[in-house]
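# Analysis of the macromolecular model
Here are the chains, one letter per residue:
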2 protein chains.
Amino acid sequence: MAMAVAGERVSIAALEDFCLRVLSELGVSDQDARTTAMALVTTDSWGVFTHGTKLLRGYARRLRAGGLRNDLSPRIEKDGPAWALVDGQSTLGQVTSAFACEAAIRKARKCGAAFVTVRNSCHFGAAGYYAWLLSQAGMLGIAMANDVPSVAAPGSKGPVLGSNPIAFACPGGDADPILLDISIATVAGGKVYARCKRGEPIPAGWLVDDQGRPSQNGALYPERASLAPVGGHKGYGIGVFIEILAAVLSGAAVTKQVGSWLFGDLSAPTGHGAAFLAVDIGAIMDLPMFYRRIAALAREIHAEPTAGGSPPLMLPGETEWRNRRRAEAEGIELPEDVIASLLETAAECGQPFLV
Amino acid sequence: MAMAVAGERVSIAALEDFCLRVLSELGVSDQDARTTAMALVTTDSWGVFTHGTKLLRGYARRLRAGGLRNDLSPRIEKDGPAWALVDGQSTLGQVTSAFACEAAIRKARKCGAAFVTVRNSCHFGAAGYYAWLLSQAGMLGIAMANDVPSVAAPGSKGPVLGSNPIAFACPGGDADPILLDISIATVAGGKVYARCKRGEPIPAGWLVDDQGRPSQNGALYPERASLAPVGGHKGYGIGVFIEILAAVLSGAAVTKQVGSWLFGDLSAPTGHGAAFLAVDIGAIMDLPMFYRRIAALAREIHAEPTAGGSPPLMLPGETEWRNRRRAEAEGIELPEDVIASLLETAAECGQPFLV
C-alpha cells in the first residue's frame, strides 16, 4: 500500500523495515537501527502505542539536530563483577539500554545477579521492553529510568519527579513471560492528552493543578497541572528511589536537569538516567522446577473466583501477549495518531512509509 | 515503674531489655535475642507501632509451641559470587532476615551488588528495618517479603496476594537515610482494625468485599473482605513480582501455602519467603560525590512550593527519623494496644515489664 490508513493492519516486518530505513538515512549504524526498530515495533505489537513507533519522529528530529548522536556508541565507563556504569554517550536510548541489558546479562551469568546504572541516555521507550530482554536470557529482569518532572508529590504545587517508569519481567518457560510496566503516576500523561483530544472529561484522581488541588481540567496539563502520584506517598516514594538508582548513582541528570526529549533543545543531550537489574534464575533454582512453580502460581491466580461476570484474573502482561500473537498473525492495527506521526516522519526523512 | 501506662514514655534501652529477657527465657540465644529486640524496638522508635514490640507476644507463643525454632540457625543453602539462597530453618524472621542482609552486604562488598532470596522464614516485622540495615553498610538496600493473602487483585472476590511489603533505603551521609516501607495494599490491615476499634468509618477505596465490590464495612475484614491493591493493577502487579522474587524463586511457601504467623497453627512453620538486594554505592560512585548529589536532591525537594499552608515536602522516612530522635531523647510513648500486648507477654513469660 502506498499509504497506511487507520483500520488497516501493518505487518511487523514492514514496520521494522520502515524504522530501519529512516534510521539508516539518518546515519545510525545497521546494528543500532535494528536494535531501535525492534524495540519500537515490539512495543507497538504489544498494543502499547504510546511508546512504540510513534516516538520515531521525535528521535529522528533529535538525530538530525545532533542531540542524539549517530557517530558514538554506548560504553562501559566503570565496572566490577556484578555491576557496571554505562555512559550512553547520547546515542538512542534504545541502543544505550539494550547495551546496558547485555552487560547485565553477561555479568549475571557469571555472578548470579548484576546491577547496571546508566547516564547520558535519552528517552528509552517502554521500560517493559528491557525487562523482557532480560527475561529472554533466563533472568528476572527489572528496568527503570528517570525523566523530565511531570508527577506531583503529595502536597506539591508542581511536578517534582518524572513518570519514572519501572518494569519487571519473569520468563514463563513454555508460557508467556510475566511482564509489568508501570509509571509512578496514577495514569500516563498520554492518557490525559488522548481524553482531551476526544473531548472526554478527566477522571478524578489523575491531575493536580498548580495550586496543588485535585483537578479534572485536562487542558491545564502539562503547563499548569501535574500527574498525581499513584497511591500518594507510595508512588512518590518509589519514584524517589528510581531517581536515586537510575540518576543520582549514575551521574545522570536529576529531575529538573533532565532535558525533554520531545520539547527541549533538539541539539542538546537530554542526560536521562536508567538502571537495570538481572537475577539469573538458573543459578538459584533448577529451571524446570522454577517454571513449574511459576505455572502453579499462574494456575492459582487464573482459578480465583471473580466478581460478577468478570473474566478470569490476569497475570501482568497477558493483554500484551494476546496483542502480540494477533500482530504476528494479522499485522498491527496502528491508531490514527501513530499513522499520522509515521507519515510525517516519512515526509521529513524522504523515506516512503510502507510501499 | 512497676507497670507502664499509656502516655508514659519508655526508654529504648528498657524496652530492648524487656524483649531480651522474654526471648532469653524462651531459649533464644543471646545474639538472636539481641537481633530481634533491636529490630522490634527500632521499629517502635520510628513510630511504626504495628510492626514493633507489639509482635513480641505472637513470636513468644510461636516459640513456645515450636513453630518458631530456638534450637536452629539460618544457613546459606546455596550461593555464588553475587547471590545466596538462605534457609531460615524457621527461626525468628528477624534473625533470618538480618542473617540474609549480612550475606548480601558481604557479597555486595566483593561484587558491587548482591541478591539474597530466603525460604523458611517467618513474619519479619518491618521491611524497612532490613533496608535500613543494608543502608547502614553504605548500600542502596531493598527488602521484601510475601505473606498470607489479604490483598485483592483487580476483579477478584477474595484475597490473592499477601500485603507483600517492599522497602528501600539509601544512606544520606551526614543526613538521615531516605527510607520507604510500603505494602501493596492501599492501607495496612492494621489501620482497618484500628478504625473499627475506634468506631470510625472506613474510607472508600480501602476494602473489597467477598463479592469483589468496594466496601466501607470494616467489620467484614479479614473474613469477608480483602484490602484493595494500591493503584489497582499497579499494586497487584508489584505484588506478583515480590511473590516471585521472595517466594517462587527461593522455594518458600507461595500465597495460600503461607501460614499465618499469628492465627495459624503455632506449632507449624509458616514458610514465609523474603528477598534482599544490596548495591554497593562506593563501588560505583565516589561516596562524598554521591552524598552531595543526594543532598542536592533533598534540597530541591524541600524547596518545592507546597499547596496552601502545607509544610515543606518530605523525603520518605523523615517522619520516622524525627520520631527516632524524640525516642532517643525522651523515650517512646507506646500506644495502649502495644502496652496491653507487652503486659500480656510479661504475664505469659513470667518476665516483669519494666521494673
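Above this text sits the structure in question.
Sequence order as written defines residue numbering, which begins from 1 separately in each chain. All chains are assigned letters beginning with A, and all ligands numbers beginning with 1, in the order in which they are written. pLDDT decides what is reported in this predicted model: residues at 70 or higher carry local features, side-chain atom pairs at 80 or more are listed and counted, and totals for whole chains, interfaces and linings draw on all residues regardless. Hydrogens and water molecules were not included; the side-chain quantities draw on all heavy atoms of the structure.

This brings us to the packing of aromatic side chains. Residue and element names in this part refer to chain A. Any two of the Phe, Tyr and Trp rings considered here, Trp counted by its six-membered ring, make a pair once their centres fall within 6.5 Å; the pair's planes then place it as stacked at under 30 degrees, edge-to-face at over 60, or tilted in between. Per the stated rule, a full pass over the model turns up 26 aromatic pairs over all chains. Note on phenylalanine 18 and phenylalanine 353: the rings are 4.8 Å apart at their centroids and 70° apart in plane angle, and the pair reads as edge-to-face. You can see phenylalanine 18 sitting in helix H1 (residues 12–25) and its partner phenylalanine 353 sitting in the segment after helix H11 (336–349), a full 335 residues away along the chain. Every member of this aromatic cluster is reached through a ring pair, and the members are Trp46, Phe124, Tyr129, Tyr130, Trp132, Phe276 and Trp321. For helices the rule is a DSSP run of H or I covering at least 4 residues; for strands it is a run of E covering at least 2, with both sets numbered from the N terminus onward.

Moving on: the side chain of A:Thr42. Locating A:Thr42 in the fold gives a position in helix H2 (residues 30–45). Setting aside residues up to four positions removed in sequence, A:Thr42 forms contacts with A:Tyr129, A:Trp132 and A:Arg324. Contacts between residues were defined by any pair of non-hydrogen atoms, one from each residue, lying within 4.5 Å.

All names here are of chain B. Extensive coverage of strand E3 (residues 83–87) is indicated by the burial of 5 of its 5 residues. Residue alternation in E3 divides its side chains into two sets, Trp83, Leu85 and Asp87 and Ala84 and Val86, and both sets are buried. Bridge analysis of strand E2 (residues 75–80) against E3 gives 5 bridges, and the strand direction is antiparallel. Across the sheet, the residue bridging to lysine 78 is leucine 85, located in E3. Following E2, the chain reverses through 2 residues before pairing antiparallel with E3. Any two strands with at least two DSSP bridges between them are considered paired. In this structure, E3 lies alongside strand E4 (residues 113–121), joined through 5 bridges in parallel fashion. When the sheet's bridge partners are listed, valine 86 is paired in E4 with valine 118. We call a crossover right-handed when, viewed with the strands running away from us, the connection from the first strand over the helix to the second turns clockwise. Following the chain from E3 across helix H4 (residues 93–111) to the adjacent parallel E4, one finds a crossover that is right-handed. Burial here depends on accessible area, computed with a 1.4 Å probe over protein chains only, as a share of the maximum for the residue type. Under 20% is buried, over 50% is exposed, and the range in between is partly exposed.

Attention now moves to helix H10 (residues 318–330) of chain B. Here H10(B) spans 18 Å end to end across 13 residues, near enough to the 18 Å set by a 1.5 Å rise per residue. On its buried face, H10(B) sits against helix H1 (12–25), helix H2 (30–45), helix H5 (127–136), strand E9 (175–182) and strand E14 (332–333) of chain B. Given the number of residues in a helix, its expected span is that number minus one, multiplied by 1.5 Å.

Least-squares fitting of chain B to chain A yields an RMSD of 0.0 Å, with the superposition described by an axial translation of 0.0 Å and a rotation of 180°. The two molecules are tied by a two-fold rotation axis, judged by turn and shift. It is B:Gly231 whose C-alpha, among those of chain B, lies nearest the rotation axis, at 2.9 Å. A least-squares fit on C-alpha atoms brings the copies together, and the residues used are those whose pLDDT is at least 70 in both copies.

Once that is clear, we can look at the sheet that holds strand E8 (residues 166–172) of chain B. All names here are of chain B. If you walk across this open sheet you meet the 7 strands as E2-E3-E4-E13-E5-E8-E9, and the pairing is mixed. Strands with a single pairing partner mark the edges of an open sheet, and in this sheet they are E2 and E9. Ignoring strand direction, the axes of neighbouring strands in this sheet form an average angle of 15°. Note that strand E5 (residues 139–145) and strand E13 (residues 272–280) share 7 bridges and pair antiparallel. When the bridges of E13 are listed, isoleucine 142 appears paired with leucine 277. Comment: axis = line fitted to C-alpha atoms, over the contacting stretch for helices; angle = value between 0 and 180 degrees taken between N-to-C directions.

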